[in-house]
Amino acid sequence: EDRAGDPDFQQKFTEFKRLRNRYKRGLKSAKKVCWREVIAETGRRNVWSVYNRIVGKRRATLTPTLFGTQGDDATMASSPAAKAALFRSSFFPDAIVDPPCDAPKTNSTNMAFPTIGMQELTRTINGLPAVSACGNDDIHNLMIQQLLIACPRALLSLFHGIIKIGYHPEKWREALIRAIPKAGKPSYLVAKAYRPISLLSCLSKVLERIMASRLTFMLESNHCLPNEHHGFRPKRSTIDAFDALLS
């Protein structure tokens, strides 16, 4: 006889522990099977999506009231406009002036530059990451990929016309500046505890990828780069640079 005079308490408690252990083993096994399925579906290329599922993404928070100086005066920025002005003076303290270009002009008429084909455009757009921040036009990569399916000829005409007339839309050159907190700072009440990132139009990034791919092909096929140049070249790595240094 045990607890509250129940003669079967010990037997019931033993059965409870058995069922509890069985539940824990089943839960552990189910979690293991679930994560194996998630990793198998995700694949190696999207390993960071698995990481984000485990640790979770940080929620965006509002920038707190900032304290700083503008000129010789101390200031407190609490409104969005005041914070933007303080960030601007911190990120860009001096006026940006384009330096004069002294590079000699080259004759581009001898360079073959074929028009964009549907295969090249499709390969470039499908190679974009599905999740990416967009610029002022609020057009992200997933929208462009869906647009390629819905009306591919319209996109092809757009980029074909841009390259044909040699025009880069002015709106595509405008960047949306975001302030990102720097890691490990003791206080985030000053503008210097943040760093700027520039968000450009995703349509502009498609054009940049096409141009970068073509320029890389021209430079490599015409042997315009020295063999000692290893940075940002296909099929080159740090090992190649070490081998060239030691040989």
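Refer to the structure presented above.
Along every chain, residues carry numbers that run from 1 in the direction the sequence is written. Per-residue local features are limited, in this predicted model, to residues with pLDDT of at least 70; the limit for side-chain atom pairs, both in listing and counting, is 80 or more; totals at the level of whole chains, interfaces and linings are taken over all residues. Think of the side-chain values as coming from all heavy atoms in the structure, minus any hydrogens and water.

A.B. asks: Help me get a handle on the side chain of T124, residues and values and all.
C.D. replies: For T124, the location among the structural elements is in helix α4 (residues 118–126). Excluding residues that lie within four positions of it along the chain, T124 makes contacts with V206, R209 and I210. Strands are runs of DSSP state E lasting at least two residues, helices are runs of H or I lasting at least four, and both sets are numbered from the N terminus onward. Two residues form a contact once any of their heavy atoms are found within 4.5 Å.

A.B. asks: Give me the lowdown on helix α6 (residues 152–165), citing residues and values where you can.
C.D. replies: Residue pairs spaced three or four apart in an α-helix point in one direction, given the helix's 3.6 residues per turn. Taking 1.5 Å per residue as the helical rise, α6 with its 14 residues ought to reach 20 Å, and the 20 Å between its terminal C-alpha atoms agrees with that figure. What α6 keeps buried is the set L155, L156, F159, I162 and I163. Here the buried residues of α6 occupy an arc of 135 degrees about the axis, which is enough to place them on one side. Across α6 from its buried face, at more than 90 degrees, point the exposed residues R153, S157, K164 and I165. Residues of α6 that are buried make contact with α4, α5 (141–150) and α7 (202–221). Just downstream of α6 lies G166, where phi reads positive at about 70 degrees. In this analysis, the expected span of each helix is defined as 1.5 Å times one less than the number of residues it contains. Any residue under 20% of the maximum accessible area for its type is buried, any over 50% is exposed, and the rest in between are partly exposed; the area is computed with a 1.4 Å probe on protein chains only. What the arc measures is the spread of directions leading from the helix axis to the C-beta atoms.

A.B. asks: Give me unusual backbone geometry: which residues, what numbers.
C.D. replies: One non-glycine residue, F232, adopts positive backbone phi at about 55 degrees. Residue F232 is classed as exposed on the basis of its relative accessible area of 91%. For K235, which is not a glycine, the phi torsion comes out positive at approximately 60 degrees. If you trace the backbone, K235 turns up in the loop between α7 and α8 (238–246). The exposed category is assigned to K235, whose relative accessible area is 85%.

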